[in-house]
Amino acid sequence: MSVIKTITVMGATGSIGQSTLALVRQFPELFSAQALVAGSDAEGLAALAREFRPKMIGLHDLTKLDQLRTALADIDVEIIAGEAGCTQIAASPVDMVVAGIVGIAGLPSVLAAVQAGQTIALANKEALVSAGGLVMREAARCGAHILPVDSEHNAVFQCWQGWNGHASKHAAQADTDVLSHICLTASGGPFLHTPLDDLPAMTPQQAVRHPNWTMGQKISVDSATMMNKGLEVIEAYWLFGLQPDQIEVLIHPQQAVHGMVYFRDGSVLAQLAGADMRTPISYALAWPERLHWADTRLDLAAIGQLSFEAVDMQRFPCFALARQALRDGGAAPAILNAANEVAVAAFLQGKIAFTRIAAVVDTVLGQSASAQIDSLEAVMAIDAASRDLALAAVTKNQSYLSDQCF
């Protein structure tokens, strides 16, 4: 790369944002952070603004605006606050927008970036889970490019160059006819071998201890229930234009293999890497080139053995619910995502048992009516209604803290 790429980082103080900015810090001759957006961490955002000197910064939390302005009184930077203003930052022209805001809160900025025709490094899976049809239609209409940053989808991207309009020299690779199916891998989380009868007693502290990755609390719980992998299946459906039965998941505790592509000639391509989000992020940032940043290599001899197993639906009912939501289509994935966010928050607050997360999600899916996903407003209305149902289900389920596994 001979020209400096300008980058907007949505969710700059979160784990994806921090990994992205670590690469920007390492390669100042290649990347420039033009805009940084955070939720409520005014202190963290101010520190990043001093270091990277972006042209503008955004803070969702209006109550922290004065704190941010005071901290940066001597810095020449445009400060924007509030959800609407921060969303519009994603539409401001740059070479790449890194979408790292967690949950449905990241959807408005993803859609704004798409409608502005941006190239988006997508780490927010919920945007495609809740509004995949809308986002992909708008991307096609507006000429936006979406590069996956989730390690599993990025692995498929690396193994199947040319997918979804990202042309390569070997144009035939972009043809889904050459592909049999793809496989996303999952660690199985911290409770992979926990006796089923013990699962209701698992605590939030135990659930967030991911065996391989350092992540936020919500995504760590999603990994423990394998809802995270179910959401990734839905994301893959929209990203790669495949049928649900062409997206396989295998549990792979060593997490050396992140994804595989099976071709119809019998070949299987796999991408392997360590548990470091800088790997998929760096691939998206530098694409179609690669960065030379990793000073250690994946030591397969030290790992010694790679194992794979099918997903146990009894152990991971949340994964089964996500699969069913994809098959049902329509608003079901959006309903699933909203109910799960509420249920996970309730679990982290000690209001429901670990195994009741799936029960709450299943209850909301059963109570919700079908609806069209044709606008951001429609998505947010479905999300809000589903959250209300989920809150009611949480209240009803609070007395079942010691229930058996759902």
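Calculation rules
- Residues numbered from 1 in each chain as written.
- Predicted model: local features only at pLDDT ≥ 70, side-chain atom pairs only at ≥ 80, totals over all residues.
- Heavy atoms only, no water.
- 1 Å grid on protein atoms, 1.4 Å probe; cavity = no way out; pocket = protein on both sides within 12 Å on 5 of 7 lines; lining within 4 Å.
- Points joined across faces, edges and corners; volume = space filled by probe spheres on them.
- Helix = DSSP H or I, 4+ residues; strand = E, 2+ residues; numbered from the N terminus.
- Nonpolar A, V, L, I, M, F, W, Y, C, P; charged D, E, K, R; others polar.
- Core = buried A, V, L, I, M, F, W, Y, C linked by side-chain atoms within 4.5 Å.
- Buried < 20%, exposed > 50% of the residue type's maximum accessible area, 1.4 Å probe, protein only.
- Salt bridge = Lys/Arg side-chain N within 4 Å of Asp/Glu carboxyl O.
- Pairing = 2+ DSSP bridges.
- Axes fitted to C-alpha atoms, helices over the stretch in contact; angles between N-to-C directions.
- Contact = heavy atoms within 4.5 Å.
- Parallel < 35°, antiparallel > 145°, perpendicular 65-115°, else oblique.
- Expected span 1.5 Å × (residues − 1).
- Phe/Tyr/Trp six-rings, centres within 6.5 Å; stacked < 30°, edge-to-face > 60°.

Computed from the structure, the largest pocket encloses a volume of approximately 1000 Å³. Along the wall of the largest pocket there are 47 residues; nearest its centre are S15, V102, M215, G216 and I219. If you list the elements that add at least two residues to the lining of the largest pocket, you get helix 1 (15–26), helix 6 (125–142), helix 7 (151–159), helix 9 (217–225) and helix 10 (227–240). Of the residues forming the lining of the largest pocket, the biggest block, five residues, is contributed by helix 9. When its volume is computed, the second largest pocket comes out at roughly 440 Å³. Together, 20 residues line the second largest pocket, and A273, T279, W293, A294 and T296 are the ones closest to its centre. Residue assignment for the lining of the second largest pocket shows that the elements contributing at least two residues are strand 11 (268–272) and helix 11 (278–286). With four residues, the top contributor of residues to the lining of the second largest pocket is helix 11. Classifying every residue of the lining of the second largest pocket by side-chain character gives seven nonpolar, eight polar and five charged.

Bringing the nonpolar core into the picture now. Counting residues in hydrophobic clusters, the biggest one holds 90 residues, and the most contacted among them are I146, I182, L336 and I357. With 43 residues, the next largest nonpolar core counts A42, A121, A123 and Y283 among its residues.

A separate point is the pattern of salt bridges. Scanning the entire structure with this criterion turns up eleven salt bridges. Of the charged contacts in the structure, one is a salt bridge between E51 and R25, with a shortest N-O distance of 2.5 Å. Of this pair, E51 sits in helix 2 (residues 42–52) while R25 sits in helix 1; the two residues are 26 residues apart in sequence, bridging distant segments of the chain. Relative accessible area serves as the criterion here: at 40%, E51 is assigned to the partly exposed category. A salt bridge links R387 to E341, with the nearest nitrogen and oxygen atoms 2.7 Å apart.

As a further point, take the sheet that holds strand 8 (residues 179–186). The four strands are arranged 9-8-10-11 in an open sheet whose pairing can be described as mixed. Whereas interior strands pair on both sides, the edge strands pair on one side only; in this sheet they are strand 9 (247–251) and strand 11. Strand-to-strand twist across the sheet, computed as the mean angle between neighbouring axes with direction ignored, equals 20°. Bridge analysis of strand 10 (residues 257–263) against strand 11 gives five bridges, and the strand direction is antiparallel. Counted as the bridge partner of M260 is A270 from strand 11. Against the sheet, helix 10 makes contact with strand 8 and strand 9, and its axis sits at roughly 150° relative to strand 8, the strand it touches most.

A word on the packing of helix 9 against helix 14 (residues 332–348). One can describe the packing of helix 9 onto helix 14 by two numbers: an axis separation of 10 Å at closest approach and a directional angle of 100°. Looking at the two axes, helix 9 sits roughly perpendicular to helix 14. Contacts between helix 9 and helix 14 involve Q217, K218, V221 and D222 from the former and N340, E341, V344, F347 and L348 from the latter.

Before going further, it helps to spend a moment on empty space enclosed by the protein. Unoccupied space between atoms shows up once a probe the size of one water molecule is rolled over them. If you walk through the whole model with that rule in mind, you get two cavities of 30 Å³ or more. Taken as a whole, the largest cavity encloses approximately 90 Å³ of empty space. Around the largest cavity, the lining is made up of twelve residues, and of these T225, R315, P317, F354 and T355 lie nearest the centre. Elements with a contribution of two residues or more to the lining of the largest cavity: helix 9, helix 13 (317–328) and helix 15 (356–367). Residue composition of the lining of the largest cavity, grouped by class: nine nonpolar, two polar and one charged. Space inside the second largest cavity adds up to approximately 40 Å³. Surrounding the second largest cavity, ten residues form its lining, H258, Q271, A273, T279 and P280 being those nearest its centre. Elements represented by at least two residues in the lining of the second largest cavity include exactly helix 7 and helix 11. Of the residues in the lining of the second largest cavity, the class split is three nonpolar, six polar and one charged.

Here we come to the packing of helix 9 against helix 10. With their axes 5 Å apart at the nearest point, helix 9 and helix 10 run at an angle of 90° to one another. On the basis of the axis angle, helix 9 is roughly perpendicular to helix 10. Residues K218, I219, D222, S223 and T225 of helix 9 lie in contact with helix 10, whose contacting residues are M227, N228 and L231. The residue inventory of the contact of helix 9 with helix 10, partitioned by class, reads three nonpolar, three polar and two charged.

All right, on to helix 15 then. If you check helix 15, its first and last C-alpha atoms are 17 Å apart, about what twelve residues at 1.5 Å a residue would give, namely 16 Å. Inspection of helix 15 places R356, I357, A358, A359, V360, V361 and V364 among the buried residues, and these make up the whole buried set. Structurally, helix 15 contributes buried residues whose contacts are with helix 9, helix 10, helix 13, helix 14 and helix 16 (376–397).

Counting across every chain of the model gives six aromatic pairs. Seen from their ring centres, F157 and Y283 are 5.4 Å apart, and the 75° between their planes marks the pair as edge-to-face. With F157 in helix 7 and Y283 in helix 11, this residue pair connects regions lying 126 residues apart in the sequence. With a relative accessible area of 0%, F157 lands in the buried category. The structure contains a cluster of three or more aromatic residues connected by ring pairs, namely F157, Y283 and W287.

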